[in-house]
Amino acid sequence: MSEIKIVNKEYSGWKNCVSISNGTVELIVTTDVGPRIIYYGFTGGPNHMKIFDSQAGVTGGNEWMSFGGHRLWHSPEAFPRTYEAENTSCRWTAKKDGIVAINEPNELSRMEKEIEITLDPEGTKVKIEHRITNRNAWDVKFAAWALTVVAPGGRLIIPQPVSGPLYLPNRNISFWTYTRLNDPRVTWLDRYIFLDQDIDAGYKDEPENRRFNYVPFKIGMHVPDGWAAYVNHGQMFAKYFTCDQKDEYPDFGHCSFETYTNKEMLEIETLSPLHNTEPGETVTHTEQWALFDDIQKPQTENEADEFVAQTVRSLL
């Protein structure tokens, strides 16, 4: 069995980071802001997280910054509550095979956010447990919302529901005001949806029209298969999560999964059901992560079945 090593290090300009490694993969969490998981990859390999260069190493201030990487929000999205700054340091403690990182409740939302990271001693699997505690003096209805900002250039594969009677609908998809159904970054297939992060999307064939390059794209849906995968760098980052169609979720009641992309990055987002929390009550939402090497972007549904779905399901 490999040994989990937890060490302090500087990374991408943030001086107070924590590295968690089993020799095969490494995660890096910055505690100067966030908390944020700002690196996940094979040891010495490319980072599957996106870090915004202009925000790397930045701390302090009252303006909300994404920073990149993996973060924890609460849904439904609203301004200014959702965009309260997370620019101050958080505390952390070591645990068996990982760490727990906790921030102090912001004055606006009074929500305490906690991310517990547990790395398997061997292989690439990681358990990410997200906890949000209502520190208000009143009830609040919300969902835990786990967002991973991944590096540009990849393709997201989302499995679609395929079962159900022919005379009833079997899926709902939520669209945002800026989402265009003919966006060249998205491919609508029978069993999957492909979404590309592409800085050049929209004007490869029409150089005079760059509108898609600057317009984001977002959709939300229920994903009963409980996984989605992003292929980049010749590798695949897979997320596993639990969802139940009987529960009420944000964004028209059915969005256990959402994704967003713009000219710089792509977000892979999973959500818990909505909970009406009393003061001091905690909402928990768990993801499992895994990395797979030597995986290329699928071009067809058959390739998605053979090279993506079968590989992902091998760890279910």
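This structure is a prediction, so every number in the text was calculated from the model and none was measured.

**Description of the overall build of the protein**
No. 1: Looking only at helices and strands, the protein has two helices and 21 strands in total.
No. 2: Against the compact-globule benchmark of 20 Å for 316 residues, the protein has a radius of gyration of 19 Å, which places it among compact chains.
No. 3: Summarising its shape, the C-alpha atoms of the protein cover approximately 50 × 45 × 45 Å along the three principal directions.
No. 4: Every one of the 316 residues in the protein was classed for burial, and the buried ones make up 56%.
No. 5: Expressed as a percentage of contacts within the protein between residues at least 6 apart in sequence, the contacts between residues at least 24 apart total 65%.
No. 6: Put simply, the protein has 31 plus and 45 minus side-chain charges, and the middle of one group is 1 Å from the middle of the other.

**Section: helix α2 (residues 301-313)**
No. 1: Between its first and last C-alpha atoms α2 spans 16 Å; for 13 residues at 1.5 Å apiece the expected length is 18 Å, and the helix comes up short by more than 12%.
No. 2: On the buried face of α2, the contacting elements are β11 (155-159), β14 (192-196), β16 (227-232), β17 (235-241) and β21 (282-293).

**A word on the environment of Met 65**
No. 1: With respect to the helices, strands and loops of the structure, Met 65 is situated in the loop between β4 (36-42) and β5 (69-75).
No. 2: Met 65 sits 42 residues away from Glu 107 along the chain, and the two C-alpha atoms are 17 Å apart.
No. 3: Ignoring anything within four residues of it in the chain, the contact list for Met 65 reads Arg 36, Gln 55, Val 58, Gly 60 and Asn 87.

**Here's the deal with the layout of surface pockets**
No. 1: Taken as a whole, the largest pocket spans an internal volume of roughly 240 Å³.
No. 2: Where the lining of the largest pocket is concerned, the elements lending two or more residues are β5, β10 (140-150) and β19 (266-271).
No. 3: When the residues that make up the lining of the largest pocket are grouped by side-chain class, the tally is ten nonpolar, two polar and five charged.

**Thoughts on the sheet that holds β14**
No. 1: With antiparallel pairing, the ten strands of this open sheet are ordered in space as β6-β7-β8-β9-β21-β17-β16-β11-β14-β13. The two strands at the open ends of the sheet, each matched to only one other strand, are β6 (91-95) and β13 (186-188). Going from strand to strand, the sheet's axes swing by 20° on average, the running direction of each strand aside.
No. 2: Its contacts with the sheet place α2 against β11, β14, β16, β17 and β21, and it is angled at close to 110° to β16.

**Thoughts on the pairing of β5**
No. 1: With seven of seven residues buried, β5 lies mostly within the body of the structure.
No. 2: Bridging between β5 and β10 involves seven bridges; their strand directions are antiparallel. Bridge pairing in β10 links His 74 to Ala 144.

**Some details on the state of the cysteines**
Here, disulfide denotes a covalent bond that connects the sulfur atoms of two cysteines.
No. 1: If you walk through the whole model with that rule in mind, you get zero disulfides.
No. 2: Distance from the sulfur of Cys 17, which forms no disulfide, to the nearest cysteine sulfur (Cys 90) is 10 Å.
No. 3: The structure places no disulfide on Cys 243, whose sulfur is separated from the nearest cysteine sulfur, that of Cys 255, by 11 Å.

**Quick notes on the pattern of salt bridges**
No. 1: Following the criterion strictly, the structure yields 23 salt bridges and no others.
No. 2: The partner of Glu 26 in a salt bridge is Lys 9, and the shortest N-O contact between them spans 3.1 Å. With Glu 26 in strand β3 (residues 25-30) and Lys 9 in strand β1 (residues 5-11), the pair connects residues that are 17 residues apart, well separated along the chain.
No. 3: With a relative accessible area of 11%, Glu 26 lands in the buried category.
No. 4: Taking the shortest distance from any N to any O, the salt bridge between Lys 239 and Glu 287 comes out at 2.8 Å. Highlighted residues: Lys 239 in strand β17 and Glu 287 in strand β21, separated in sequence by 48 residues.
No. 5: Through salt bridges with shared partners, a single ionic network connects Lys 95, Glu 114, Glu 116, Lys 127, Glu 129 and Arg 131.

Reading guide: rules and limits
- Residues numbered from 1 in each chain as written.
- Predicted model: local features only at pLDDT ≥ 70, side-chain atom pairs only at ≥ 80, totals over all residues.
- Heavy atoms only, no water.
- Helix = DSSP H or I, 4+ residues; strand = E, 2+ residues; numbered from the N terminus.
- Rg over C-alpha atoms; globule rule 2.2 N^0.38 Å.
- Buried < 20%, exposed > 50% of the residue type's maximum accessible area, 1.4 Å probe, protein only.
- Contact = heavy atoms within 4.5 Å.
- Lys, Arg positive; Asp, Glu negative; His and termini not counted.
- Charge placed at Lys NZ, Arg CZ, Asp CG, Glu CD.
- Expected span 1.5 Å × (residues − 1).
- 1 Å grid on protein atoms, 1.4 Å probe; cavity = no way out; pocket = protein on both sides within 12 Å on 5 of 7 lines; lining within 4 Å.
- Points joined across faces, edges and corners; volume = space filled by probe spheres on them.
- Nonpolar A, V, L, I, M, F, W, Y, C, P; charged D, E, K, R; others polar.
- Pairing = 2+ DSSP bridges.
- Axes fitted to C-alpha atoms, helices over the stretch in contact; angles between N-to-C directions.
- Disulfide = S-S within 2.5 Å.
- Salt bridge = Lys/Arg side-chain N within 4 Å of Asp/Glu carboxyl O.

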